[in-house]
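Below, each chain spelled out in residue letters.
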Amino acid sequence: MKNAHRKFLSAATLAGITLLAGCGNANTITFWNPLTGDDGAYMDALVAEYNETDPEFPVESVITADMYTKIYTVMNSGKDIPDLALIHADRVPQFADLDMLEPVEGLMATHTDLTADNYLEVAWNAGNYEGTQYTVPLDIHGNAMYYNTDLLEKYDANTFLDDDVVTIEEILSLDGKLDEGQYAINNALIEWVALANVVNIGGDISDEAGNPTINTDAMKTVVEQLKSVADAGLMSPYGEDGYAMFQSGDVLFSTDGTWTSTAHGSVEGLNFGVTNIYSVTPDKFTNRSSAHLFSLLNNEDRTDEKEQGVADFLSWMRENSIDWAGAGQIVASKEVFESEEYQKYPQSFFTSSDVEKEASYIFDYKYYSYVESALATVLSDMIYGNIAIDEGLDQAQKTVEDLIAENAS
C-alpha cells in the first residue's frame with residue numbers, strides 16, 4: 001500500500017463564515033449545526049446550492065457555537081426546536097437515552113437511497129444505538145498524521161511509511177539524529193493518539209457494565225510509550241504549539257485532524273503527505289474519529305410534509321457533497337468518496353482500502369466526552385513528567401466517575 005500515500009504541496013483555503021439567525025417558518029427547514037470554523041462556510045455554500053434547485057422546503061442554515069446548550073434548552077421548553085440538526089457521534093447515545101431523537105426510518109422509507117449500503121459503514125453505524133438508526137451521516141472526521149516530505153528525506157526516514165504503520169520504535173530510532181530545534185513528532189491532539197493506541201493493544205475506555213476504564217494497564221502502557229518519546233527529546237516541547245512547529249517545518253510528524261489539510265496546504269513551501277496515527281505496536285493502527293450526523297430532534301410541530309423535505313435535502317446531499325471534502329472531511333457518501341474527483345483530496349487516503357476504512361474508530365461509550373476531557377487534563381503532564389502516571393490516571397478515572405454520578409443525579 002505504499003503507493004496509497006499522497007503528497008500535497010498546496011491547497012486553497014476558503015475564508016470567512018456566515019452566521020445565520022432566525023427560527024424559520026412553516027415553509028423552511030431550520031437546520032442547526034455547530035460549524036463555526038471554515039467548515040461552516042462550506043456548509044452554507046452547499047445549502048445555498050441546494051436552495052437554488054427551488055425545493056418545496058428551502059433550508060435555513062443556523063450556525064452556533066453553543067448548539068448543544070441550545071438544544072437542551074429548546075427540548076426542555078418544547079419551543080423553537082429545529083427541523084434538522086447536525087450532531088457529533090458521541091451525542092447519539094445520550095440524546096437517544098433522553099428520548100430526544102426521532103428514528104430516521106421515515107426518511108429512509110421516503111428516499112430508499114438513504115440506506116447503509118450508500119454510506120461509509122463506520123459513519124452509518126455511529127448513528128445506530130441499541131438497534132435503532134437515529135441519524136444519516138455526513139462525514140467522518142478524525143485524527144490524521146501529516147508528514148513533512150522534506151524532513152523525511154533529510155533524515156532518511158521514508159521507509160517508516162512502507163507498511164502504513166509508523167511505530168514508536170521507528171520514531172525512537174531518530175534519537176540523536178535530528179538537528180537542534182527539530183522534532184520527530186508533535187503533541188497535537190495527543191489525547192486522541194492515546195485513545196487510539198489503547199484500542200491498538202486491545203484495551204477500551206469502558207467495561208461491559210458501562211463503567212469507565214481509564215486507570216488500566218493498557219492506558220498506562222500507552223502513556224509510558226508516549227513518555228519515552230518525550231523523554232528522548234523527540235516530541236515538541238511542553239507548552240509549545242507543536243501544530244505551528246509542523247507548519248514552520250521543524251516537525252516530521254503532526255497528529256492533528258483530517259480537516260487541517262486545508263490549513264497545511266495554505267502554507268507556502270510546506271511539502272507534506274498524510275498517513276495513519278503512529279502506533280505502540282506494528283500489528284495494528286487506529287485513527288480515532290468522530291462523525292457529523294444529520295438527526296431529527298423529537299418535535300411534534302414538524303409536519304410529515306416538512307419531514308419529506310428533510311429527506312429530499314439529505315438525498316441531495318448524498319449525491320452532491322463533493323464540495324464538503326474541501327473542508328477536509330471524509331465524506332460519508334459512497335457515491336462521493338468512490339468518485340474520481342474525490343481522490344484529489346488528502347483525506348481520500350482514509351477510504352483507499354478496506355483496511356483504511358476499518359481503521360477509523362468511533363467510540364460508542366455514552367460518556368466518551370467525559371473520558372476525553374478528563375484524559376486531556378492530565379495527559380501532557382504525565383507524558384512530560386510533571387506528574388506520575390499512576391497519579392494522573394487515578395485522577396482522570398475519578399473525574400469521569402464523579403461526572404457520571406453527577407449526571408445520574
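Owing to the predicted nature of the structure, the values given are computational and were not obtained by experimental measurement.

How each quantity is defined
Residues numbered from 1 in each chain as written. Predicted model: local features only at pLDDT ≥ 70, side-chain atom pairs only at ≥ 80, totals over all residues. Heavy atoms only, no water. Phe/Tyr/Trp six-rings, centres within 6.5 Å; stacked < 30°, edge-to-face > 60°. Helix = DSSP H or I, 4+ residues; strand = E, 2+ residues; numbered from the N terminus. Buried < 20%, exposed > 50% of the residue type's maximum accessible area, 1.4 Å probe, protein only. Lys NZ or Arg CZ within 6 Å of the ring centre and 35° of its normal. Contact = heavy atoms within 4.5 Å. Axes fitted to C-alpha atoms, helices over the stretch in contact; angles between N-to-C directions. Parallel < 35°, antiparallel > 145°, perpendicular 65-115°, else oblique. Left-handed = near helix turned anticlockwise from the far one by under 90°. Nonpolar A, V, L, I, M, F, W, Y, C, P; charged D, E, K, R; others polar.

Peer 1: How should I be thinking about the packing of aromatic side chains in this particular structure?
Peer 2: Between two aromatic rings, the relevant description is the distance of the centres plus the angle of the planes. As enumerated under the stated definition, the model contains 17 aromatic pairs in all. Seen from their ring centres, Tyr146 and Phe272 are 5.8 Å apart, and the 75° between their planes marks the pair as edge-to-face. Pair noted here: Tyr146 is in strand 9 (residues 145-148) and Phe272 is in strand 12 (residues 272-275), with a separation of 126 residues, a long-range link. Of the residues examined, Phe272 reaches a relative accessible area of 1% and is grouped as buried. Following the ring pairs from residue to residue traces out a cluster consisting of Phe31, Tyr50, Phe294, Phe313 and Trp316. For the cation-ring pair, Arg91 lies above Tyr68, with the distance from its terminal atom to the ring centre recorded as 3.8 Å. Sitting over the face of the ring of Trp192, Arg288 holds its NZ or CZ atom 3.8 Å from the ring centroid.

Peer 1: So what exactly am I meant to see when it comes to the side chain of Asp83 here?
Peer 2: Here Asp83 shows up in the loop between helix 2 (67-77) and strand 4 (84-88). Residues within four places of Asp83 in sequence aside, it is in contact with Thr28, Ile29, Thr30, Leu296, Asn299, Arg302, Lys306 and Val310.

Peer 1: Which parts of the structure should I look at to understand the packing of helix 9 (residues 217-231) against helix 16 (residues 389-408)?
Peer 2: Geometrically, a packed helix pair is captured by the angle between its two axes and the distance between the axes. Their axes nearest at 11 Å, the elements helix 9 and helix 16 cross at an angle of 130°. In terms of axis orientation, helix 9 runs oblique to helix 16. Helix-helix and strand crossings are classified by hand; for helix 9 and helix 16 the assignment is right-handed. For the pair helix 9 and helix 16, contact is made by Met219, Lys220, Val223, Glu224 and Lys227 and by Ile389, Asp390 and Leu393, respectively. When its residues are assigned to classes, the contact of helix 9 with helix 16 shows four nonpolar, no polar and four charged.

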